[in-house]
Amino acid sequence: MVGEMQGGQPTIGLIGLGNMGVPMSACLLRAGYHVLGYDISATNAERFSAQKGARRAAGIEDVGRACRIIILMLPDGNVVREVVLGNDSKGGLAAVCAEGTVLVDMSSSAPTGTRELGEDLAKRGLTLIDAPVSGGVKRAVSGTLAIMAGGDKSAIAKVQPVLEAMGKPIETGPLGSGHAMKALNNYVSAAGLVAACEALAVAERFGIEPDTIVKVLNSSTGRNNSTENKLNQFIISRTFNAGFTVALMRKDLATAVDLAKATNATMPLADTLLALWAEAEKRLGGAADHTEIHRLVADGQSSSEK
Ligand code: NAD
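Rules and cut-offs
Residues numbered from 1 in each chain as written. Predicted model: local features only at pLDDT ≥ 70, side-chain atom pairs only at ≥ 80, totals over all residues. Heavy atoms only, no water. Near = heavy atom within 4 Å. Polar contact = N/O pair within 3.5 Å; in protein donor to acceptor, adjacent residues only side chain to side chain. Areas by Shrake-Rupley, 256 points an atom, 1.4 Å probe, with all protein chains shown as cover. Helix = DSSP H or I, 4+ residues; strand = E, 2+ residues; numbered from the N terminus. Nonpolar A, V, L, I, M, F, W, Y, C, P; charged D, E, K, R; others polar. Domains from an automatic or database assignment. Buried < 20%, exposed > 50% of the residue type's maximum accessible area, 1.4 Å probe, protein only. Contact = heavy atoms within 4.5 Å. Axes fitted to C-alpha atoms, helices over the stretch in contact; angles between N-to-C directions. Parallel < 35°, antiparallel > 145°, perpendicular 65-115°, else oblique.

## Looking at the site of the ligand
Around the ligand sit 25 residues, and of these D39, N44, L74, G243 and K251 come closest. M20 has a polar backbone atom sitting 2.9 Å from an oxygen atom of the ligand. One of the side-chain nitrogen or oxygen atoms of D39 is found 2.6 Å away from an oxygen atom of the ligand. Burial of the ligand by the surrounding chains reaches 87%, relative to a free accessible area of 830 Å². For the shell around the ligand, the elements supplying multiple residues, two or more each, are α4 (77–85), α6 (136–142) and α12 (246–262). Residue classes in the shell around the ligand are distributed as 13 nonpolar, nine polar and three charged. Built from parts of two domains, the shell around the ligand gets at least three residues from each of domain 1 (5–174) and domain 2 (180–305).

## Notes on the side chain of S177
Tracing the chain through its elements places S177 in helix α8 (residues 177–205). With a relative accessible area of 13%, S177 lands in the buried category. Of note is the side chain of S177, whose polar atom sits 2.8 Å from the side chain of T172. Looking at S177, its side chain comes within polar contact range of the main-chain oxygen of P174, at 2.7 Å. Ignoring any residue separated from it by four or fewer positions in sequence, one finds S177 in contact with D130, G150 and T172.

## As for the packing of helix α13 (residues 268–284) against helix α14 (residues 293–300)
Geometry of a packed helix pair, given as the angle between the helix axes and the separation of the axes. Where α13 meets α14, the closest approach of the two axes is 10 Å, and the angle between their N-to-C directions is 105 degrees. Comparing the axis directions of α13 and α14 gives the class roughly perpendicular. From α13, L276, W277, E279, A280, R283 and L284 reach across to α14, where they touch I293, R295, L296 and D299. Within the contact of α13 with α14, the residues separate by chemical class into six nonpolar, no polar and four charged.

This is the structure in structure tokens:
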């Protein structure tokens, strides 16, 4: 069993070793931390444990017993809750963690659920902070993620060096505020991607070369993250392998729409985008890459090209 401290650096627990969890673990290892990881998928866990210094845990409880800082990088807040509290509040991480352990939910979870979970954990002497990320697999690999950290300031200060190994933390306020900002950021990002795909499809139909379309957008006011980092790389190249699924984007849009409702705000564009991504999930499957939204948008333009 891996102890809490090894060679002066604490052992960091990491649960969820998917597209993001593995490159994030690589950043922690590079920074000199020992990482004890767990994933329900043996294939993903093996990808993690192939790295030097990475230790694979036999179960969630092993991580809870060994680590005082535990990162969760799971599909959504419901999975986080189940992993932390177990089923029917039996088992799970919280049952075995030592008092004072800080759990860092870096998944894109729903902010209301995060607040509830934080209250449940506080009763057990455990602290939850939310620290979702933006920048995708590329910035997870380079350790330059934007990290939106919400929750108790002293707990954030405690994990600050760990977060800095993976990117740049920005404090967002009380618990849940990081998750709220993450959902809203992805709404803005989805809007930029769909607008870029629509413009690409129409301009191509008008006979303009894809290279020219991207060049013009990127030197003009329509420039955004998708025009810079997705059009050529994943869409025009037809590789569609950005590493972020349609299901996860649909979830983030649903979280943003729920947040609008909870704050009595209206976001008609977000409603439209959510309907489009729900349609994409139905037609392309949840596991499709989010850049494949272009296929639906191009269909909407009655294009024969797929
Ligand atoms: P992923 O599906 O690739 O990884 C999730 C991992 O969690 C998988 O390996 C899965 O096996 C594991 N898992 C699921 N249930 C589990 C359980 N009960 N116990 C242990 N492991 C379990 O997803 P991802 O793309 O790595 O995203 C993770 C989170 O980060 C999501 O909330 C996503 O919205 C967010 N996010 C993703 C990206 C991206 O570009 N991929 C960017 C920013 C944020």
